Amino acid sequence: MIVIGSGPGGATAAHFLARAGIATTVLEGGPEHGSLGLTVRVRGATLVHWSARPLARRLDAVSFDNPQAELFEELAPGGLSNHWSNAVPRFSDIDFRDGTRAGESQTWPVGYADLAPWYDQVEPLLRIAGGTSDTPHVPAGKVRRVWKLPRAWDTLAERARVQGRDVLTLPYTYGAETTLSPTGNVFNAFDRLVKPAWKAGRLKVRFNARVIRLEWSAQTRGVTAVIYRDMTTGREERIPCGGVVVAAGALNTARILLESTSDDFPLGLGNTEGVLGRYLHDHPLGKLVIDLDKPVPVHPPLYISRPTLERTDPLYAAAGAQWTGTMMVAKSLLSRHPGRMPWTGFSIFGTMAPTTENRVALDGTRRGDGTAGMVLHIHHPPESQRLLEQTRDQIMELMGQAGLGPRLRVFHTEIAGNANHYGGTCRMHRSPRYGMLDAWGRMHAVRNVAVADSAVFTTGPEKNPVLTSMTLSARAADRLAQDLRAGAL
Ligand SMILES: Cc1cc2nc3c(=O)[nH]c(=O)nc-3n(C[C@H](O)[C@H](O)[C@H](O)COP(=O)(O)OP(=O)(O)OC[C@H]3O[C@@H](n4cnc5c(N)ncnc54)[C@H](O)[C@@H]3O)c2cc1C
């Protein structure tokens, strides 16, 4: 098997394939030492958190049909997990069912019950800190370190329930109590999931391997090789394979598949219905800062969930995640209220209904590394902006009801792509008419190819995506391994 990419999606697939004893090679587009940094934590206190590589905004790789959009990318082992903030809530049954209300085209082929056993297997790899009680909107994960919601939020939680929302601590990937990580993050997907198996000789890795396309064989009706540019020699290489897991990130995954044309698939590999690249979505993101009469806890972080289905239009919901972290705790010490601050900040993640108009396509140009240039069509609908503003007002109202004397200091909404949560370009759906992949992340039309990143999301629920994309990846890799062993591919 070839796995393309070693971000959270690809690293999880590689980890589960290697665990199943399948001969696996990871093709990583970035250089071996591409993710330099340092994290030092001693007995739960993070002392150093430094990344040598700033998060790169790509200006060369894509064009946009909307000047109000952007793309960040990290072509390095671990991908964007070099920079991520580590929030890992599970999607709930409600998140999966929301799409069904919007009609057949937005219906996931899997539900929470299908994923729950896989969340259970993935979460221990992430070493999560969080709460232990299920709430309707956020099922509890397998936590390593228990966080309790500070009592100071009790009144707010009570009032939030009247709005149909849950209030809890947001689960985070926490890593070990004492850890020294040679990257700028406690969980770099390559470092934690691929490197141990690679060092033990259980899988192979080729760095600087920029994948251009997959080679389809009309005879065997499957993909038989991967073509990549070796960035150290500049040569195009071909590596034969029995199957492929594509996990290059939601945009690069679509690009590679769109590039993989043949007589059987002139619109891109497996793209029998023209849906590849379409249904692109992103989290509309609002940033809210509130001054308060009374200082409030900064840790563990507060999460104000979406409201119930009955209170929202199909596929439109938003949730607030309180800002936390070492810097916030340090600031609280300086402001002479250890652990508390007289202001608080929230990232409000909203949603957009996926449509065929929002999409990624090839733009006919070719980049320096031999890969195709792309154009992104991404527009947040007006409903998304209204929803973010409504959620801002409801959070302010809750703070007031809790007697905290809130005053709005800052509210603004970010442009598309700023949340770094693109997804949906190669989505799962029961029918090839609405999605490229089946319920196991496997292509309907090409049975030895799976996709294992957030490209597979049928819709984009309001939660941070990584945990769910890793969970779907683990499940897809395990099924692939079973089929390979059974000779069913
Ligand atoms: C600042 C920041 C904070 C974030 N915080 C959170 C958070 O708290 N919670 C959360 O859930 N998410 C968060 N995210 C988002 C999260 O990091 C991404 O959703 C996640 O990394 C996506 O994983 P992926 O494997 O799909 O893609 P990526 O992480 O983008 O990895 C793609 C991989 O593919 C490789 N690749 C790309 N093209 C090619 C090619 N042609 N050939 C070979 N290899 C290739 C790349 O080098 C990389 O290894 C955050 C992101 C950022 C930037």
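The present account deals with the structure reproduced in this document. Given the structure is predicted, the values throughout are model-derived calculations rather than measurements.

**Remarks on the packing of helix α1 (residues 8–19) against helix α9 (residues 466–485)**
Argument step 1. Two elements in contact, α1 and α9, have axes separated by 8 Å at closest approach and are oriented at 35 degrees. The crossing of α1 and α9 is right-handed. Only Val466, Met470, Ser473, Ala474, Ala477, Asp478, Leu480 and Ala481 of α9 make contact with α1, whose side of the interface consists of Pro8, Gly9, Thr12, Ala13, Phe16, Leu17 and Arg19.
Argument step 2. Grouping the amino acids of the contact of α1 with α9 by side-chain chemistry returns 10 nonpolar, 3 polar and 2 charged.

**Considering the side chain of Glu74**
Argument step 1. Relative to the elements of secondary structure, Glu74 occurs in the loop between β7 (72–73) and α2 (93–101).
Argument step 2. With relative accessibility at 7%, the residue Glu74 sits in the buried group.
Argument step 3. Within polar-contact distance, the side chain of Glu74 engages the side chain of His83 at 2.6 Å.
Argument step 4. Setting aside residues no more than four positions away along its own chain, Glu74 makes contact with Arg53, Pro54, Gly79, Leu80, Asn82 and His83.

**A word on unusual backbone geometry**
Argument step 1. The omega angle of the peptide bond from His299 to Pro300 is -5 degrees, so this bond is cis rather than trans.
Argument step 2. Note that Pro300 resides in the loop between β18 (285–297) and β19 (302–304).
Argument step 3. A positive phi angle, near 65 degrees, is found at Tyr279, a position not held by glycine.
Argument step 4. With respect to the element layout, Tyr279 can be found in the loop between α6 (250–259) and β18.
Argument step 5. Residue Tyr279 is classed as buried on the basis of its relative accessible area of 6%.

**Examining the site of the ligand**
Argument step 1. Contacts to the ligand come from 36 residues, most closely from Glu28, Leu80, Ala87, Val211 and Val466.
Argument step 2. Here an oxygen atom of the ligand and a backbone polar atom of Val466 are 2.8 Å apart.
Argument step 3. With the chains in place, 93% of the 1,000 Å² that the ligand exposes on its own is no longer accessible.
Argument step 4. Secondary structure elements with two or more residues in the shell around the ligand: α1, β14 (209–217) and α6.

**Quick notes on the packing of aromatic side chains**
Argument step 1. In total, this model carries 13 aromatic pairs according to the counting rule given.
Argument step 2. Consider the rings of Phe91 and Phe96, whose centres lie 5.9 Å apart with planes at 55 degrees: the pair is tilted.
Argument step 3. Of the residues examined, Phe91 reaches a relative accessible area of 0% and is grouped as buried.
Argument step 4. The buried category is assigned to Phe96, whose relative accessible area is 3%.
Argument step 5. A ring pair is formed by Trp198 and Phe207, whose centres lie 5.3 Å apart and whose planes are at 70 degrees; its orientation type is edge-to-face.
Argument step 6. Its relative accessible area of 15% is what places Phe207 among the buried residues.
Argument step 7. Each residue in the set Phe91, Phe96, Trp108 and Phe457 is aromatic and connected to the rest through ring pairs, giving one cluster.
Argument step 8. When the ring centre of Trp440 is taken as origin, the NZ or CZ atom of Arg475, which lies over that ring, is 3.8 Å away.
Argument step 9. Seen from the ring of Trp440, Arg479 lies directly overhead, with NZ or CZ sitting 4.3 Å from the centre.

**Some points on the sheet that holds strand β6 (residues 62–64)**
Argument step 1. The strand order across the open sheet formed by 3 strands is β6-β23-β22, and the pairing between neighbours is mixed. Of all strands in the sheet, those bounded by a partner on one side alone are β6 and β22 (359–366). The average angle at which neighbouring strand axes cross in this sheet is 30 degrees, direction not considered.
Argument step 2. Across 3 bridges, the pairing between β6 and strand β23 (residues 372–377) is parallel. Looking at β23, one finds that Val62 is bridged to Met374.
Argument step 3. Most of the contacts of α6 go to β22, to which it runs at about 60 degrees, and overall it touches β22 and β23.

**Some words on α6**
Argument step 1. For α6, the tally of buried residues reaches 10 of 10 residues, placing the bulk of the element in the interior.
Argument step 2. Buried within α6 we find Ala250, Leu251, Asn252, Thr253, Ala254, Arg255, Ile256, Leu257, Leu258 and Glu259.

The rules we used
Residues numbered from 1 in each chain as written. Predicted model: local features only at pLDDT ≥ 70, side-chain atom pairs only at ≥ 80, totals over all residues. Heavy atoms only, no water. Axes fitted to C-alpha atoms, helices over the stretch in contact; angles between N-to-C directions. Helix = DSSP H or I, 4+ residues; strand = E, 2+ residues; numbered from the N terminus. Left-handed = near helix turned anticlockwise from the far one by under 90°. Contact = heavy atoms within 4.5 Å. Nonpolar A, V, L, I, M, F, W, Y, C, P; charged D, E, K, R; others polar. Buried < 20%, exposed > 50% of the residue type's maximum accessible area, 1.4 Å probe, protein only. Polar contact = N/O pair within 3.5 Å; in protein donor to acceptor, adjacent residues only side chain to side chain. Near = heavy atom within 4 Å. Areas by Shrake-Rupley, 256 points an atom, 1.4 Å probe, with all protein chains shown as cover. Phe/Tyr/Trp six-rings, centres within 6.5 Å; stacked < 30°, edge-to-face > 60°. Lys NZ or Arg CZ within 6 Å of the ring centre and 35° of its normal. Pairing = 2+ DSSP bridges.

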